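Each chain, written out:
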Protein chains: 4
Amino acid sequence: MTKTLSDTTEAIVFDPLLQNGWAMSKGDNAIAKTYRFKDFPAAFSWMTAVAIWAEKWNHHPEWRNVYARVEATLTTHDTGGLTPLDAKLARKMDELYTGFTQ
Amino acid sequence: MTKTLSDTTEAIVFDPLLQNGWAMSKGDNAIAKTYRFKDFPAAFSWMTAVAIWAEKWNHHPEWRNVYARVEATLTTHDTGGLTPLDAKLARKMDELYTGFTQ
Amino acid sequence: MTKTLSDTTEAIVFDPLLQNGWAMSKGDNAIAKTYRFKDFPAAFSWMTAVAIWAEKWNHHPEWRNVYARVEATLTTHDTGGLTPLDAKLARKMDELYTGFTQ
Amino acid sequence: MTKTLSDTTEAIVFDPLLQNGWAMSKGDNAIAKTYRFKDFPAAFSWMTAVAIWAEKWNHHPEWRNVYARVEATLTTHDTGGLTPLDAKLARKMDELYTGFTQ
């Protein structure tokens, strides 16, 4: 996907994510977000839920974990850019995160 | 621990759990609770958080999982009955569960 | 699936599993096996791998874990009996287990 | 720990790790290694085992996962350098990895 965010369809799909803590990265070919948790068990159990969905959808995050922090980057390696699958996984990650933010 | 729930100390420790879905089992030598989740990834990621705490405290649940349901039983094998460690793990399991019940 | 193990196809699919520690259960409507590990982290990390494949294939085990032991039962709830999906998951569970048995 | 690898004690503890795929990083204040797995479920289940031990020992890796690859960095944040705890976790990570390399 070489289209930029100015493209209407892209904007509709990704704008809500950009309003929710995600940012464009890698020259607009990826989105990234940092999640913070109460402690390491919380961070890792969230990662486990994400891992299960990622494998089910065959779309995996690039992510870095240091204690209670997880930095996630999503891109579609096959196309070298963003696709609806990135948005789908991002929304699932956000949804799963809500349980940890009370 | 051969004392029963009529014992004052026992009651103080375990009564709040019995008010929160736990029930005595195995002739008052264990407590048990069934947790229900939205789906399997939710159930298993909760189990992951519990697993990490359980190993850290060296006190593990007996548990059975079928899809989105987890039946947990806590007892202290060393003493053949309930100890404060069971209450501690039960409270942690309940605390971790709150994120999944919204 | 109401066919029994005397059925030729069934035998071809399930016989290798019965030779590898699995046993018929629930009136030949399920297969069951007990896995033993070195410690709890080993048992639970194996469960994590199984969990990911189970969700990916939308076919989940009934399993009970006590410390380093996991008792697994496989059946296909939709049909009330055994199907090739049970054999597929059983083979994957055995394959994943080999890494823990050295 | 401001001592370098030329220090005798350091060498005894870390040399076996450096012979086993680990390399010094961050100006000799950390060690790093890249693990490769067959697929994502293998990588993540290994991470789960490591996560459980890490929390138990209250010493956590910095790690980055992309599909079947995990890049791990170990350092002791409290001291700003390497300590025996880093070596202990590194050895456990290697031990847990052996099950995945057959």
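Here, every reference points to the structure presented above.
Residues numbered from 1 in each chain as written. Chains lettered and ligands numbered in written order. Predicted model: local features only at pLDDT ≥ 70, side-chain atom pairs only at ≥ 80, totals over all residues. Heavy atoms only, no water.

Visitor: What exactly am I supposed to notice about the sheet that holds strand 3 (residues 62-66) of chain C here?
Guide: In any sheet, the strands associate via hydrogen bonds between backbone groups, in a parallel or an antiparallel arrangement. One open sheet holds the eight strands; their spatial order is 1(B)-2(B)-4(B)-3(B)-3(C)-4(C)-2(C)-1(C), and the pairing between them is antiparallel. Looking along the sheet, the strands with just one partner apiece sit at the ends: strand 1 (23-25) of chain B together with strand 1 (23-25) of chain C. Strand-to-strand twist across the sheet, computed as the mean angle between neighbouring axes with direction ignored, equals 25°. Here strand 2 (residues 30-36) of chain B pairs with strand 4 (residues 69-74) of chain B via six bridges, running antiparallel. Note that in strand 4 of chain B the partner of B:A32 across the bridge is B:T73. (Pairing = 2+ DSSP bridges. Helix = DSSP H or I, 4+ residues; strand = E, 2+ residues; numbered from the N terminus. Axes fitted to C-alpha atoms, helices over the stretch in contact; angles between N-to-C directions.)

Visitor: What's the story with the relation of the copies chain A and chain D in this structure? I'm lost.
Guide: A rotation about some axis, followed by a shift along it, carries one copy of the chain onto the other. Placing chain A over chain D gives an RMSD of 0.0 Å and needs a rotation angle of 180°, together with 0.0 Å of translation along the axis. Viewed as a symmetry operation, the transformation between the two copies matches a two-fold axis. Across chain A, the rotation axis passes nearest the C-alpha of A:R64, at a separation of 2.0 Å. Taken together, the interface assignments show that 100% of the residues at the interface of chain A recur at the interface of chain D, consistent with an identical surface on both copies. (Least-squares fit on C-alpha atoms with pLDDT ≥ 70 in both. Contact = heavy atoms within 4.5 Å.)

Visitor: Can you walk me through the interface of chain C and chain D in this structure?
Guide: The figure often quoted for interface size is the accessible area lost as the parts come together. With 13 residues of chain C at the contact, the number on the chain D side is 13 residues. A buried area of about 1100 Å², summed over both sides, lies between chain C and chain D, and 65% of it is on carbon and sulfur atoms. Our count for the chain C to chain D interface comes out at two salt bridges. Residues C:E95 and D:K38 are paired through a salt bridge, measuring 2.8 Å at the closest nitrogen-oxygen approach. For the interface between chain C and chain D, the tally reads two residue pairs in polar contact (both at pLDDT 80 or more). Of the residues belonging to the side of chain C that touches chain D, the class tally is five nonpolar, five polar and three charged. (Buried area = accessible area lost by both parts, 1.4 Å probe. Salt bridge = Lys/Arg side-chain N within 4 Å of Asp/Glu carboxyl O. Polar contact = N/O pair within 3.5 Å; in protein donor to acceptor, adjacent residues only side chain to side chain. Nonpolar A, V, L, I, M, F, W, Y, C, P; charged D, E, K, R; others polar.)

Visitor: It is not clear to me how the nonpolar core should be interpreted in this structure. Could you clarify?
Guide: Where a protein is soluble and globular, its nonpolar side chains tend to be buried together. Ranked by size, the top nonpolar core spans 120 residues in total, and within it A:W46, B:W46, C:W46 and D:W46 carry the most contacts. Take this core: its biggest share by element is twelve residues, from helix 2 (residues 40-57) of chain A. Ignoring sequence-local partners within four residues, the contact set of B:W46 consists of B:Y35, B:F37, B:W63, B:V70, B:M93, B:L96, B:Y97 and B:F100. (Core = buried A, V, L, I, M, F, W, Y, C linked by side-chain atoms within 4.5 Å. Buried < 20%, exposed > 50% of the residue type's maximum accessible area, 1.4 Å probe, protein only.)

Visitor: Teacher, can you tell me more about the interface of chain A and chain D here?
Guide: Counting residues at the interface gives 15 residues for chain A, matched by 15 residues for chain D. Taking both sides of the interface into account, the surface hidden between chain A and chain D amounts to around 1500 Å²; carbon and sulfur atoms contribute 69%. Area buried by chain A at its contact with chain D is led by A:F40, A:F44 and A:W63, which between them contribute 34% of it. If you look at where chain A meets chain D, you find two salt bridges. A:E62 is the partner of D:R64 in a salt bridge, and the nearest nitrogen-oxygen pair spans 3.4 Å. Taken together, chain A and chain D are joined by four residue pairs in polar contact (both at pLDDT 80 or more). At the level of elements, helix 2 and strand 3 (62-66) of chain A are the ones that each hand at least two residues to the side of chain A that touches chain D. With seven residues, helix 2 of chain A is the single largest residue contributor to the side of chain A that touches chain D. Its residues assigned to classes, the side of chain A that touches chain D comprises nine nonpolar, three polar and three charged.

Visitor: Could you clarify how one ought to interpret the pairing of strand 4 of chain B in this entry?
Guide: Within a regular strand, the side chains alternate between the two sheet faces. Residue and element names in this part refer to chain B. Strand direction decides the pairing type here: strand 3 (residues 62-66) and strand 4, joined by five bridges, are antiparallel. Of the residues in strand 4, the one forming a bridge with W63 is A72. Taking the residues that link successive antiparallel strands as the turn, the strand 3-strand 4 hairpin has two residues, and the phi of Y67 there is positive, at about 55°.

Visitor: Would you mind going over the packing of helix 2 (residues 40-56) of chain B against helix 2 (residues 40-56) of chain C with me for this structure?
Guide: Each pair of packed helices can be described by the angle between their axes along with the distance between the axes. Relative orientation of the contacting elements helix 2 of chain B and helix 2 of chain C amounts to 170°, with a least axis distance of 11 Å. Considering their axes alone, helix 2 of chain B and helix 2 of chain C lie roughly antiparallel with respect to each other. Taken together, the residues of helix 2 of chain C that come into contact with helix 2 of chain B (itself represented by B:F40, B:P41, B:F44, B:M47, B:T48, B:A51 and B:E55) are C:F40, C:P41, C:F44, C:M47, C:T48, C:A51 and C:E55. Looking at the contact of helix 2 of chain B with helix 2 of chain C residue by residue, the class counts come to ten nonpolar, two polar and two charged. (Parallel < 35°, antiparallel > 145°, perpendicular 65-115°, else oblique.)

Visitor: Would you take a moment to explain the packing of helix 2 (residues 40-56) of chain D against helix 3 (residues 84-98) of chain D for this structure?
Guide: Residues and elements named next belong to chain D. At their nearest, the axes of helix 2 and helix 3 sit 10 Å apart, and the two run at 150° to each other. The pairing of helix 2 with helix 3 is recorded here as roughly antiparallel in orientation. Helix 3 is crossed by helix 2, and the crossing has right-handed handedness. In contact with W46, A49, V50, W53 and A54 of helix 2, helix 3 contributes L89, K92, M93, L96 and Y97. (Left-handed = near helix turned anticlockwise from the far one by under 90°.)

Visitor: Could you clarify how one ought to interpret the relation of the copies chain C and chain D in this entry?
Guide: For the pair chain C and chain D, the best superposition has an RMSD of 0.0 Å and corresponds to a rotation of 180° with a translation of 0.0 Å parallel to the axis. Looking at chain C, 100% of its interface residues are interface residues in chain D too, so the copies touch through the same face.

Visitor: Looking at this structure, I do not really get helix 2 of chain B. What am I missing?
Guide: Every α-helix winds through 3.6 residues per turn, so residues three or four apart in the chain are directed the same way. Residues and elements named next belong to chain B. Spanning 17 residues, helix 2 covers 24 Å between terminal C-alpha atoms, matching the ideal 24 Å at 1.5 Å per step. Summarising burial for helix 2: 16 of the 17 residues are buried, a large majority. For helix 2, the side-chain oxygen to backbone nitrogen distance between the N-cap and A42 is 3.0 Å, and the N-cap itself is D39. Downstream of helix 2 by one or two residues, N58 has phi in the positive range, about 55°. (Expected span 1.5 Å × (residues − 1).)

Visitor: What am I meant to see in helix 3 of chain D here?
Guide: Residue and element names in this part refer to chain D. Counted at 1.5 Å a residue, the expected span for helix 3 with its 15 residues is 21 Å, and the 22 Å between its end C-alpha atoms agrees. Those residues of helix 3 not exposed but buried are D86, A87, L89, A90, K92, M93, D94, L96 and Y97. Elements that come into contact with the buried residues of helix 3 comprise helix 1 (8-18), strand 2 (30-36), helix 2 and strand 4 (69-74).

Visitor: Any chance you could explain the environment of A:H60 here in plain terms?
Guide: Relative to the helices and strands, A:H60 is located in the loop between helix 2 and strand 3. Each C-alpha atom, one on A:H60 and one on A:T101, is 23 Å from the other, the two residues being 41 residues apart in sequence. Other than its neighbours up to four places away in sequence, A:H60 contacts A:A54, A:E55, A:L89, D:F40 and D:Y67. Reaching out from A:H60, the side chain makes a polar contact with the side chain of A:E55 at a distance of 2.7 Å.

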